[in-house]
Amino acid sequence: MLVVQKYGGTSVGSTERIRLVAQRIQNTIARGHQCVVVVSAMGHSTDALVDLAKEIADVPDAREMDSLLATGEQVSASLLAMRLVHLGTPAQSLTGWQAGIATEDVHGNARVTSIETARLRQLIDSGITPIVTGFQGIASGNITTLGRGGSDTSAVALAAALHADMCEIYTDVDGVYTTDPRVVQAARKLTEVSYDEMLELANLGAQVLHPRAVENAKHFAVPLVVRSSFSDEEGTCVVAITEQTLEGRQVVTGIAFERQVARIAVIGVPLQQHGLATIFSELASHGVNVDVIVQSVVDAAAVDVSFTVHEPDLTKAVGIVESLQDSLHFARVERQSDLAKVSIVGAGMISNPGVAARMFVTLRDANIAVHMVSTSEIKVSCVVPADDVERAVKALHVTFVEADAEASLSEAESAVK
């Protein structure tokens, strides 16, 4: 097989870890596979580079910032290639642009637009393992970076362009769990999860995979595996789920949560002013990401609208909305911080009514207030007080994962009898 392997910052966080990664790559090649490797920067070196830039300028130039941050991955790629060559395995480090990764002409959060694979193919066919720097590409002759989780995106994009048989994401966890095992000790590792479920979990706070990487994997049907570089345990496969494979699945696959949520309410927005379009367009133009949105009709002429933002964006977002008050003539703006969001996700919800009701009852019984609700076909999200989020996760895990697993086991035992 042709396998793309991505190693995150903790996996290459020291020279000892790089030695172990090199041995893992050698073992893969020894099994007859061809490898393309994507690496992140070592440990927290990207954070150190950001701190250096802040010591030089309050607002670093975006182009130069990308040039600086791209050096982190070059260090780990070069060291890994050196180690493989030392072990007798031909390898060559490549920057993102040397690997043919073209992006949008945007600094800090560019998207991959195309990949020219000729050089990679030449190396692979010659028995040389390419070690590619993740998180970066080129546009208009300038280095660009792909934003948070960019190395995951690089790996999936390369796997798609090369028509790889598998894309393995190596990290410091051994797969995708039903929830964060640091919060719920009974959390269990999933054997498989669908692209849609993984995308929802990633968007809702699970930090195992970046949402953009999952989007690309689904779009190009890239087989994806999440596993640990610290052990040889089997990981979690991210796969397509069909109607046939939905049968027998648990209703809820996983529970995600996100801290640092804030709520903004705009009271009395006149309908004839097209105020909602103006408010959300202005927020978007300033780079404020809006999440849960709830609208309630006050009377025939006005509505109240509430929405959530990432808490660090609260002051900025309120300022933007308040600047529109004179032109839109709404009554006032209210804010609320110290909130969090907890979500249940599962493809099984599509064919099982009453899931939201079970969630609300569980939170009620735990005496946890629900401030806002958002739903889709395969998820239900509730905004709750920040201090209650871990209690909410634990209670929902008992209701939807532990209890449903016990019920499924009892049914299976009864069927055997």
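Whatever comes next refers back to the structure up there.
Asker: What should I look at first to understand the environment of Ala41 in this one?
Answerer: Its place among the elements puts Ala41 in the loop between strand S2 (34-39) and helix H2 (45-56). Overall, Ala41 belongs to the buried group, its relative accessible area being 5%. C-alpha separation for the pair Ala41 and Pro385, spaced 344 residues apart in sequence, amounts to 35 Å.

Asker: Quick question: what am I supposed to make of the state of the cysteines here?
Answerer: Summed over the entire model, instances satisfying the criterion amount to zero disulfides. A disulfide-free cysteine, Cys167 has its sulfur positioned 11 Å from the sulfur of Cys35, the nearest such atom. Judged by relative accessible area, which is 0%, Cys167 ranks as buried. In this structure Cys237 is not part of a disulfide, and its nearest cysteine sulfur, from Cys167, lies 12 Å away.

Asker: Looking at this structure, how should I read the layout of surface pockets?
Answerer: Any space left empty among the atoms is revealed by the rolling of a water-sized probe across them. Volume-wise, the second largest pocket comes out at about 220 Å³. Considering the residues around the second largest pocket, the lining is formed by 13 residues, among which Arg24, Thr28, Arg31, Tyr170 and Arg227 are closest to the centre. Listed by contribution, the elements that provide at least two residues to the lining of the second largest pocket are helix H1 (15-30) and strand S9 (166-171).

Asker: I'm lost on the packing of helix H9 (residues 275-285) against helix H10 (residues 314-322) in this one. Help?
Answerer: The packing of two helices is summarised by the inter-axis angle and the distance between the axes. Packing of H9 against H10 leaves a shortest axis separation of 10 Å and a crossing angle of 135°. In terms of their interaxial angle, H9 and H10 are classed as oblique. You can see that H9 and H10 cross each other, and the crossing is right-handed. For the pair H9 and H10, the contacting residues are Ile279, Glu282 and Leu283 in the first and Ala317, Ile320 and Val321 in the second.

Asker: Teacher, can you tell me more about a nonpolar patch on the surface here?
Answerer: A grouping of Phe360, Val370 and Val373 is seen on the molecular surface, where their side chains present a nonpolar patch of about 200 Å² in accessible area. Among the secondary structure elements, Val370 is positioned in the loop between helix H12 (355-365) and strand S17 (372-376). For Val370, a relative accessible area of 36% corresponds to the partly exposed category.

Asker: Explain the packing of H1 against helix H3 (residues 62-86) here, please?
Answerer: Interaxial distance between H1 and H3 falls to 9 Å at its minimum, and their mutual angle equals 55°. One finds that H1 runs oblique with respect to H3. Crossing of H1 against H3: the hand is right-handed. Contacts from Ile18, Arg19, Val21, Ala22, Ile25 and Gln26 of H1 reach H3 at Leu79, Leu80, Arg83 and Leu84. Across the contact of H1 with H3, the residue classes break down as seven nonpolar, one polar and two charged.

Asker: Looking at this model, I keep getting lost on unusual backbone geometry. Mind explaining?
Answerer: Backbone geometry follows two general trends: most residues other than glycine have a negative phi, and most peptide bonds adopt the trans configuration. Even without glycine at this site, Ser140 takes up a positive phi of about 50°. If you trace the backbone, Ser140 turns up in the loop between strand S7 (136-139) and strand S8 (142-145). Here Ser140 falls in the exposed class, since its relative accessible area comes to 60%. For Ala221, which is not a glycine, the phi torsion comes out positive at approximately 55°. One can find Ala221 in the loop between helix H7 (211-219) and strand S11 (224-228).

Asker: Even after reading the chapter, I still don't get H10, so can you show me in this structure?
Answerer: Since the α-helix turns once every 3.6 residues, residues separated by three or four places project in the same direction. Turning to H10, its buried residues are Leu314, Ala317, Val318, Ile320 and Val321. Each buried residue of H10 sits inside an arc of 160° when the element is viewed along its axis, so together they form one side. On its buried face, H10 sits against strand S13 (254-270), H9, strand S15 (302-310), helix H11 (325-328) and strand S16 (332-345).

Asker: Would you mind going over the sheet that holds S15 with me for this structure?
Answerer: In a beta sheet, neighbouring strands pair by backbone hydrogen bonds and run either parallel or antiparallel. The strand order across the open sheet formed by six strands is S14-S15-S13-S16-S18-S17, and the pairing between neighbours is antiparallel. Each end of this open sheet is capped by a strand with a single partner; those strands are strand S14 (290-299) and S17. Averaged over all pairs of adjacent strands, the angle between strand axes in this sheet comes to 30°, irrespective of strand direction. With seven bridges joining them, S14 and S15 adopt antiparallel strand pairing. Paired with Ile293 across the strands is Phe307, a residue of S15. The strands touched by H10 within the sheet are S13, S15 and S16, with S16 carrying the most contacts at an inclination of about 130°.

Asker: Explain the nonpolar core here, please?
Answerer: When a protein is soluble and globular, its nonpolar side chains tend to lie buried together. In terms of nonpolar packing, the biggest core is built from 40 residues, with Val4, Val132, Cys167, Met198, Leu209 and Leu224 touching the most fellow members. Taken together, the elements giving at least two residues each to this core come down to strand S1 (2-7), S2, helix H4 (118-125), helix H5 (150-161), S9, helix H6 (195-203), H7 and S11. Tallying contributions element by element places H5 first for this core, with six residues. In this view, Val132 contacts Val36, Val37, Val38, Val39, Leu94, Thr95, Ala99, Ile101, Leu120 and Leu158; residues no more than four positions away in its chain are not counted.

Asker: Where do I start with the environment of Ala159 in this structure?
Answerer: Here Ala159 shows up in helix H5. Using a relative accessible area of 2% as the deciding quantity, one classes Ala159 as buried. Measuring from C-alpha to C-alpha, the distance between Ala159 and His371 comes to 42 Å, with 212 residues separating the pair along the chain. Setting aside chain neighbours within four positions, we find Ala159 in contact with Val4, Ala164, Cys167 and Val222.

Asker: Mind showing me how you'd approach the sheet that holds strand S10 (residues 192-194) here?
Answerer: On the basis of which strands lie adjacent, the open sheet formed by eight strands has the order S3-S6-S2-S1-S9-S11-S12-S10 and mixed pairing. The two strands at the open ends of the sheet, each matched to only one other strand, are strand S3 (91-94) and S10. Across this sheet, the average inter-strand angle for adjacent strands is 20°, counted without regard to direction. Two elements, S10 and strand S12 (residues 236-239), share three bridges in a ladder whose sense is parallel. The partner of Ser194 across the bridge, within S12, is Val239. H1 rests against S1, S2, strand S6 (129-133), S9 and S11 of the sheet, and its axis sits at about 170° to S1. Each of S10 and S12 touches H6; the most contacted strand, S10, lies at about 85° to it.

Rules of the game
Residues numbered from 1 in each chain as written. Predicted model: local features only at pLDDT ≥ 70, side-chain atom pairs only at ≥ 80, totals over all residues. Heavy atoms only, no water. Helix = DSSP H or I, 4+ residues; strand = E, 2+ residues; numbered from the N terminus. Buried < 20%, exposed > 50% of the residue type's maximum accessible area, 1.4 Å probe, protein only. Disulfide = S-S within 2.5 Å. 1 Å grid on protein atoms, 1.4 Å probe; cavity = no way out; pocket = protein on both sides within 12 Å on 5 of 7 lines; lining within 4 Å. Points joined across faces, edges and corners; volume = space filled by probe spheres on them. Axes fitted to C-alpha atoms, helices over the stretch in contact; angles between N-to-C directions. Parallel < 35°, antiparallel > 145°, perpendicular 65-115°, else oblique. Left-handed = near helix turned anticlockwise from the far one by under 90°. Contact = heavy atoms within 4.5 Å. Patch = residues over 30% accessible without salt bridge, like charges linked within 9 Å, V, L, I, M, F, W, Y side chains within 5 Å. Areas by Shrake-Rupley, 256 points an atom, 1.4 Å probe, with all protein chains shown as cover. Salt bridge = Lys/Arg side-chain N within 4 Å of Asp/Glu carboxyl O. Nonpolar A, V, L, I, M, F, W, Y, C, P; charged D, E, K, R; others polar. Arc of directions from axis to C-beta. Pairing = 2+ DSSP bridges. Core = buried A, V, L, I, M, F, W, Y, C linked by side-chain atoms within 4.5 Å.

So, to be careful, I would describe these as geometric facts and stop short of saying anything about function.
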